[in-house]
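# Structural features, examined
What follows is each chain in one-letter form.
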Amino acid sequence: MGVTVSMTVNGARVSADLDPRTLLVQFLREHLRLTGTHVGCDTGQCGACTVHVGGRAVKSCLILAAQAEGAEVMTIEGVSRDGELHPMQAAFRDHHGLQCGFCTPGMVMNAIELAQKHPNPSEETVRAGLDGNYCRCTGYHNIVKAVQAGAAAMKR
Amino acid sequence: MNAPLIGTSVKRKEDYRFLTGGGQYTDDVMLPGQTCACFLRSPHAHARIRSVDTEKARSAPGVVAIFTGDDLAKAKVGGLPCGWLITGVNGQPMKEPPHPPLAQGKVRYVGDHVAVVIAETLNQAKDAAELIEVDYEALPAVVKVADARKPGAPAVHDIAPDNTCYVWALGDKAAVDKAFASAQHVTALEFINNRLIPNAIEPRAAVASYSRSDDSYTLYVTSQNPHVARLLMTAFVLGLPEHKVRVIAPDVGGGFGSKIYLYAEEVVITWASKQINRPVKWTAERSESFMSDAHGRDHLTKAELALDRNGKFLAMRVTTTANMGAYLSTFASCIPTILYATLLAGQYTTPAIYCEVTAVFTNTAPVDAYRGAGRPEATYVVERLVDTAARELGMDRSEIRRRNFIKEFPYQTPVALLYDTGNYDATLTEALKLADVAGFEARRQEAEKRGKLRGLGYSTYIEACGIAPSNVAGSLGARAGLFEAGEIRVHPTGTVTVFTGSHSHGQGHETTFAQVVADRLGIPLENVDIVHGDTGRILFGMGTYGSRSIAVGGTAIMKALDKIVAKGKKIAAHLLEAAEADIEYDRGTFRVAGTDRKKTIAEVAFAAYVPHNYPLDKLEPGLNESAFYDPTNFTFPAGSHLCEVEIDPETGHTRIVNFTAVDDFGKVINPMIVEGQVHGGLAQGIGQALLEACVYDPESGQLLTGTYMDYALPRADDLPSFKVGTQETPCTHNPLGVKGCGEAGAIGAPAAVINAIVDALAPLGVRDVEMPATPERVWRAIRAAKAKK
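By convention here, each chain's residues receive numbers from 1 onward along its written sequence. In the order they appear in the text, chains get letters beginning with A and ligands get numbers beginning with 1. Only residues with pLDDT of at least 70 get local features here, since the model is predicted, and only at 80 or more are side-chain atom pairs given and counted; chain-wide, interface and lining totals rely on the full set of residues. Heavy atoms throughout the structure, all of them, feed into the side-chain values; hydrogens and water do not.

## Notes on the domain arrangement of chain B
All names here are of chain B. Throughout, the edges of the domains are those of an automatic or database domain assignment. Each assigned domain of chain B is listed with its residue range as follows: domain 1 (31-139 + 202-253 + 259-292), domain 2 (395-467 + 633-788) and domain 3 (483-629). On a C-alpha basis, the centroid separation for the pair domain 2 and domain 3 is 40 Å. Two parts placed together each lose some accessible area under a 1.4 Å probe, and the buried area is that loss summed for both. For the pairing of domain 2 and domain 3, the buried interface totals around 1,300 Å² over both sides, and the portion due to carbon and sulfur atoms is 64%. When the buried area of domain 2 at its contact with domain 3 is split by residue, Ile669, Ile673 and Leu736 rank highest and sum to 35% of it. Each salt bridge in this description consists of a side-chain nitrogen of Lys or Arg and a carboxyl oxygen of Asp or Glu lying within 4 Å of one another. Summed over the shared surface of domain 2 and domain 3, the result is zero salt bridges. When its residues are assigned to classes, the side of domain 2 that touches domain 3 shows seven nonpolar, eight polar and three charged. Under the convention adopted here, Pro, Cys and the residues Ala, Val, Leu, Ile, Met, Phe, Trp and Tyr are nonpolar, Asp, Glu, Lys and Arg are charged, and Gly plus all remaining residues are polar.

So, in structure tokens, the structure goes:
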């Protein structure tokens, strides 16, 4: 009844025999125990589960693990290197772009992709670009500042 | 000596783990042998349960156990209690219907819990739940507040045939009626304070395990107050000894009130973990959050303000009907009473106020505190009346406020509260400047040229935080104390662990509290860790709600610090061979006054744990102190919120072009964190005013806004950036001079937004727009006003 799924997650090759209806987020959280990727709505609207698949920001509750067969997947756990925060992570800390931290991993993953597409994003571009990620704590004010600062820092 | 930490925007200690995926939320907990629970919920708003047939489901793959209300009744599991007894105007206690964790006999709202299925995997539990056959006899439902007391309305509970939980009142009715009879002007409005769904982004979750070795339970749960959850669950529901239950609220992804309460799910899985002798996990799907988290607001209000011809407020009369939902949630009864009517004086000297509140049951989810809890509703009443009265009297809206501001403190309001301090003129003056109100008319005219309607709205609010003192709250019906506990453990090398009964679910206590401790002890911030959210490690706690953490929890920590310093002085006196009275303490150093003879706190701590040279005949070793603090009064944050909107009359769409909030939170420990709290509160207040509404079908009681496609939670492009400022009038009755900041935005913003919209539309003849002011509502208001002309 299972399907065998193989992919690269945060640089490591992983393989598992899964119930075919296993979502990518379930595979990451429950099988690989990468619990930094969160589930806020299970219907694709909150964005807390955003990860990178093949370099693109994807809501991991909206695809099956089997659909990521062979893909390069990066989760929030794979963003920082050697304990040093990625410039976007550092910008979120420096601008108080997070409070409870639950939406944060998805927000950061989406923000990194946004900054790659728009190296100098305007406030309007950031707000439109974060439209798929809910935050209930910050009112987005500091997230917008963090994404702009993070985008600038990523160019350095 | 270190630089002062209090008052600086220290970056948060907790951020590294949250930014790298290292947070530990309840759903991240996975215990060996863990099973998964799925709750079967009622599809009906009101129905009699004729039978529940679980036979087919029990034989489904992976099913471990299924429990129904009958099983819980047989095991003598009690109902979920309400923590506040309101006594009505008739002298009778409120009606408290039983609230079984799994329905017995009847279901009373869509989402009510019918059975729990526990299986090896979540998919198996869900699949099996679909095989349970429940024979329902659907009953007519009562859904809207306005319908609850109509003759012939279906009764939600037999013990309250008129669906009335209580009728309660506050204030001097005779004095108010007299003032109205002779007033030169009366402004009257009717409001609906729209029902909201809190929507913390982390859904509620719980993981329970039972240990046969010592007959104990451990519950991980998304709670704002794990000690309260344990007390209620052990003493009132499960009848377990409290010391056999450990409740851990690890990282919690937002609460906003919705995670204060004891919920059915955590009680049921805790009980079930022993029955099956395996850990059980339950995590809400978002649709379950919409259906079964306690909702907020939902008031129907008639309000009147009596004035003289100079705009001086003479009296206020308010009649409110508040929805309790189908059952009384943990603090439901005190929200529209103790935390609402007491706030109706606002920032003003209104000499007479009378408020009558009728709480009703309906076939909807329970309603309880949601960010602000009663205070946003009160502020909305007061500030909508004040803006409307100014317009009717042709007065400037800041002038009418200034004319009525309380200027002398302490001030006893006619609705029970004693304000200790404030400076309302200062926040208003600063807000007018920051919002460039002087330039508003020019901006309005410019917008008019583009065919847009600009409006400016005011809201000068008062808040009461850190609900207190316990003896007064007790006399008003509180069934709990309202203190907080804190413990300071100075380790032998001088580093410090702080145990607090407050709980952080985004507020940044690990940083703010550490700033307080590091500042007071004069030690580096990185040498202080804050521990919260675990009944196994913290002596006691009332948790975090009502913006109470720094004012109450912070003061408990300060008191424990005082004890540390007092004991440290004794130890230092011995080490320095001086009299204790001669020892001074300043930022990490004990010193013999007027000399350079000194010992650092690390040296004193070391002596306390390695007492080779120590006054053992007079003093115990160790440097560990705890304190409980019961506040002597509420704290009273206040502020001025100004909202500027631009409305497209063709579409009815409202854009907030400027939102300014100037708040007085007393002493601010970390300005960056405080500003963040304001931003978040404003977003929820603006959400209430423009976007959010919980809607049930008025006939069937089906939840129509049960997904993010239907319930408009604010997204990044729905909101502006904010202009935020603070003024500082220190609280007079706690040592830090702090007041609390968590709810301010949600309290002040709704009235500011609607006042701005009404200001923009007033030239057309519009007097009120109901929340949320959706484009459709604004457009209809414009059409209706034009049709009248």
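Back to the text.
## Some words on the pairing of strand β2 (residues 12-18) of chain A
Each regular strand shows side chains that alternate between the opposite faces of the sheet. All names here are of chain A. When strand β1 (residues 3-9) meets β2, the two strands line up antiparallel, connected through seven bridges. Counterpart to threonine 8 in the pairing with β2 is arginine 13. The turn linking β1 back onto β2 is made up of two residues, and asparagine 10 within it adopts a positive phi angle of 50°. Strands qualify as paired when DSSP identifies two bridges or more between them. Counting from the N terminus, the helices are DSSP H or I runs at least four residues long and the strands are E runs at least two residues long.

## Some thoughts on the packing of aromatic side chains
Residues and elements named next belong to chain B. Each aromatic pair joins two rings of Phe, Tyr and Trp (for Trp, the six-membered one) with centres within 6.5 Å, and gets the label stacked for planes under 30 degrees apart, edge-to-face for over 60, and tilted for any other angle. Under the criterion given, the structure shown has 23 aromatic pairs over all chains. Between tyrosine 109 and tyrosine 327 the ring centres are 6.2 Å apart and the planes differ by 70°, which places this aromatic pair in the edge-to-face class. Taken together, the positions of tyrosine 109 in the loop between β4 (106-107) and β5 (113-119) and tyrosine 327 in the loop between β14 (313-325) and β15 (352-361) put the pair 218 residues apart, joining distant regions of the chain. For each residue, the accessible area found with a 1.4 Å probe, counting protein chains only, is set against the maximum for its type, and the residue is called buried under 20%, exposed over 50%, and partly exposed in between. On the accessibility criterion, tyrosine 109 (2% relative accessible area) is buried. Under the relative-accessibility criterion, tyrosine 327 is labelled buried at 1%.

## Focus on the domain arrangement of chain A
Residue and element names in this part refer to chain A. The domain boundaries assigned to chain A delineate domain 1 (3-77) and domain 2 (87-155). Taking only C-alpha atoms into account, the centre of domain 1 sits 21 Å from that of domain 2. Two residues qualify as a contact provided that any one of their heavy atoms is within 4.5 Å of a heavy atom in the partner residue. In this complex, domain 1 contributes 18 residues to the contact, which on the side of domain 2 involves 15 residues. Interface area for domain 1 against domain 2, summed over the two sides, is near 1,200 Å², with a carbon-plus-sulfur share of 60%. Among the residues of domain 1 in contact with domain 2, His38, His52 and Ile76 are the three that bury the most area, contributing 38% of the side total. Between the two partners, domain 1 and domain 2, sit zero salt bridges. Pairs of N or O atoms within 3.5 Å make up the polar contacts considered here, provided that, within protein, one atom can donate a hydrogen while the other can accept it, and that residues adjacent in sequence are counted only when both atoms are side-chain atoms. Where domain 1 packs against domain 2, one counts six residue pairs in polar contact (both at pLDDT 80 or more). Elements represented by at least two residues in the side of domain 1 that touches domain 2 include exactly β3 (50-53) and β4 (56-59).

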